[in-house]
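# Structural overview for review
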Amino acid sequence: MQSYEYYAPRSLPDALEYLAENAKNCRIIAGGTDLIPALRNEDIHPAFLLNIMEIAEVGGISETEQTVRIGAITTFNDLAESGLIRKEFPILSEMALSVGGPQTRNRGTIGGNIASAAPAADGLPVFLSLDAEVELSSRRGKRNLPLNEAIAKAWTPAWGNDELITAIRIKKLPSGTRTAFYKLARRQAMARSRMTISLILRRDPAGIIEELRFVPGSVMPVPRRMEEIEKLLTGKVPTDELLDQAARAVGEEMVKVTGIRWSTGYKKPVLGNLFRIVLSQLITAG
Amino acid sequence: MAKDQDKTILKMTVNGEPVEVAVNPAWTLLRVIREELGLTGTKEGCGIGDCGACTVLLEGKTVNSCLVLALQAEGKEVRTVEGLGTEENLDPLQESFIEYGAVQCGFCTPGMLISARALLDKNPHPTTEEIKVAISGNLCRCTGYVKIIQAIEIVAQEG
């Protein structure tokens, strides 16, 4: 049986004070979909548990002219049901609906998805493809950190243990940008992703790729943009030959990170092929 | 085991009734519902959020009660299968599950009913696909899904 002190403040300053005082042995709980199994399994033994689900400032979805701010305790269902998100970032709506089942989507939060930093996280690669920033708050103040610098290694965020992820910020995409999320799993619901593809694409009227951002999920310890592939295609018209070349390069880039493993014979060609299929669909869609 | 002095008073509303119960901060909502409140309709299957047998409504939304700390329900409304209807006056979904043979071993049934009720409260006339999505977090190892979907469809058509 776990033994910890539990605290559920309604104000952010109270939460940050508590976190600063107990940083060493405090765990933050939001939706609990990762944390509660870890507690049950005795993988972790915190002395303090800080519930942030009652803090209004850590929730909500809002926009300015340039950016959208998504509070860290926004659940996957909140995300899926948001008209603003569907309009600005349909890739996030698609991703949110693919996570777990209705019950886990009603509890799991985007802040938790990022802070847990699981290799098979669904939200993390999509937010990376959107060049998101995380808003971190602590007693020391507030700062924004690019998401691609926010994960130290699998399961480990790179921010301080007195800092709380309070929101995700994303710049709105230029008009004409297309996005796609694809998830490969053993079944449709309640499935851990085998692989995901997150793509952001913008082409000029002549069909030349102006911008491409690509993040494969579930295939590397920490997901990241595959800049080598983005460079290979940017500034060019995506011919069949070029797409074939890019698909092969995707598998090779993955192997550079992961090395050869038991699953490589499967993942290397399949990841490349999925990339090619999803990108081709985005191209023919417009 | 936790000593009594480690307990905190939890106040919430369960099936419309206010309740106050002394809980250990390590307990899940599921444990409190079953073992402290004696509402054993809600089942524990996997205990890690995969099977949906422990599904309840928290503030009107389906959640796996094994993945909610009891204290996270402070001040909130919880509805369990016992709150769907009474023995004399069952929820139409319960009637339909009985009539159309949607119950085999029965272990998934309370969770299925709660997920179906949440769907119909929000969307009284769902498509078959919407029904499948709504119960996609509830596993039935008797694999009686076809009858369960039929039973929900009948209520959706009548309702």
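Residues numbered from 1 in each chain as written. Chains lettered and ligands numbered in written order. Predicted model: local features only at pLDDT ≥ 70, side-chain atom pairs only at ≥ 80, totals over all residues.

## Here we look at the sheet that holds strand E4 (residues 61-63) of chain A
Residue and element names in this part refer to chain A. Rules: Paired strands, as defined in this entry, are two strands with at least two bridges between them according to DSSP. For the purposes of this entry, the term helix denotes a DSSP run of H or I that reaches at least four residues, the term strand denotes a run of E that reaches at least two, and both are numbered from the N terminus. In this analysis an axis means a line fitted to C-alpha atoms, helices contributing only their contacting stretch, and an angle means the value between N-to-C directions, from 0 to 180 degrees. Any two residues are considered in contact once their C-beta atoms, placed from the backbone, lie within 7 Å.
Taken together, the 5 strands give an open sheet; going across it, the order is E4-E5-E10-E6-E7, and neighbouring strands pair in antiparallel fashion. Strands at the two margins of the open sheet, each flanked by one partner only, are E4 and strand E7 (141-146). The mean angle between the axes of side-by-side strands here comes to 25°, regardless of whether they run parallel or antiparallel. Of the pairings in the sheet, the one linking strand E5 (residues 67-71) to strand E10 (residues 164-171) comprises 5 bridges and is antiparallel in character. When the sheet's bridge partners are listed, Thr 67 is paired in E10 with Lys 171. Contacts between helix H1 (residues 12-21) and the sheet are confined to strand E6 (133-138) and E10, with E6 contributing the most and set at about 75° to the helix.

## Side note on the nonpolar core
Basically, it comes down to this: Each nonpolar core consists of buried Ala, Val, Leu, Ile, Met, Phe, Trp, Tyr and Cys residues. Their C-beta atoms, within 7 Å, join them into a set. Three exposure classes are used, all based on how many other C-beta atoms lie within 10 Å of a residue's own C-beta (placed from the backbone): buried at 20 or more, exposed at 12 or fewer, and partly exposed between those limits.
By size, the foremost hydrophobic cluster in this structure holds 121 residues, and its most contacted members are Ile52(A), Phe127(A), Ala70(B) and Ala116(B). Top element by residues in this core is helix H3 (residues 109-122) of chain B. It accounts for 7 residues. Leave out the neighbours within four places in its chain, and Ile52(A) touches Ala15(A), Ile28(A), Ala30(A), Val58(A), Ile73(A) and Leu164(A).

## A word on the interface of chain A and chain B
The cut-off we apply is this: Polar here means any residue outside two lists: the nonpolar Ala, Val, Leu, Ile, Met, Phe, Trp, Tyr, Cys and Pro, and the charged Asp, Glu, Lys and Arg; Gly therefore counts as polar.
At the junction of the two partners, chain A supplies 25 residues and chain B supplies 25 residues. Those elements that place two or more of their residues in the side of chain A that touches chain B are helix H2 (35-40), strand E3 (48-51) and helix H6 (102-105) of chain A. Looking at the side of chain A that touches chain B residue by residue, the class counts come to 12 nonpolar, 11 polar and 2 charged.

## Describing unusual backbone geometry
Unusually for a residue other than glycine, Asp131(A) sits at a positive phi of about 50°. According to the C-beta neighbour criterion, Asp131(A) is partly exposed, with 16 such atoms within 10 Å. Non-glycine residue Glu59(B) carries a positive phi angle of around 50°. Note on placement: Glu59(B) falls in the loop between strand E3 (55-58) and strand E4 (61-64).

## With respect to the pairing of E3(A)
Note on strand geometry: in a regular strand, side chains alternate between the two faces of the sheet. Residue and element names in this part refer to chain A. Across 3 bridges, the pairing between strand E1 (residues 5-7) and E3 is parallel. The partner of Glu 5 across the bridge, within E3, is Phe 48. Relative to E3, strand E2 (residues 26-29) is paired through 4 bridges, and the arrangement is parallel. Across the sheet, the residue bridging to Cys 26 is Phe 48, located in E3.

## Quick word on the environment of Ile29(A)
Summarising the element assignment, Ile29(A) is placed in strand E2. Residues Ile29(A) and Thr104(A), spaced 75 residues apart in sequence, show a C-alpha to C-alpha distance of 14 Å. Not counting the four nearest positions on each side in its chain, Ile29(A) is found in contact with Leu35(A), Leu49(A), Leu50(A), Asn51(A) and Leu69(B).

## Some points on the sheet that holds strand E12 (residues 195-203) of chain A
Remark on secondary structure: sheet strands pair via backbone hydrogen bonds, oriented parallel or antiparallel. Residue and element names in this part refer to chain A. Spatial ordering of the open sheet is given by E11-E12-E13, a layout of 3 strands whose pairing is antiparallel. With partners counted over all chains shown, the strands left at the sheet margins are strand E11 (178-184) and strand E13 (209-217), one partner each. When the angles between neighbouring strand axes are averaged without regard to direction, this sheet yields 10°. For E11 and E12, the ladder comprises 7 bridges, and the chain directions are antiparallel. Across the sheet, the residue bridging to Phe 181 is Ser 198, located in E12. Relative to the sheet, helix H5 (residues 90-98) contacts E11 and E12, its axis offset from that of E11 by approximately 15°. Its contacts with the sheet put helix H11 (residues 264-284) on E11, E12 and E13, and the angle it makes with E12 is roughly 35°.

## What about the domain arrangement of chain A?
Residue and element names in this part refer to chain A. Test applied: These domain boundaries are the output of an automatic or database domain assignment.
Taken domain by domain, chain A comprises domain 1 (5-51), domain 2 (56-171) and domain 3 (178-284). With 21 residues of domain 2 in contact, the opposing surface of domain 3 contributes 22 residues. Broken down by secondary-structure element, the contributors of at least two residues to the side of domain 2 that touches domain 3 are H5, helix H8 (123-129) and strand E8 (151-153).

## Examining the domain arrangement of chain B
All names here are of chain B. The domains assigned to chain B are domain 1 (4-83) and domain 2 (92-158). Centre-to-centre separation of domain 1 and domain 2, based on C-alpha positions: 22 Å. Contacts between the two partners involve 14 residues from domain 1 and, on the opposite side, 11 residues from domain 2. Taken together, the elements giving at least two residues each to the side of domain 1 that touches domain 2 come down to E3 and E4. At 3 residues, the largest contribution of residues to the side of domain 1 that touches domain 2 is made by E3. Split into classes, the residues belonging to the side of domain 1 that touches domain 2 amount to 6 nonpolar, 6 polar and 2 charged.

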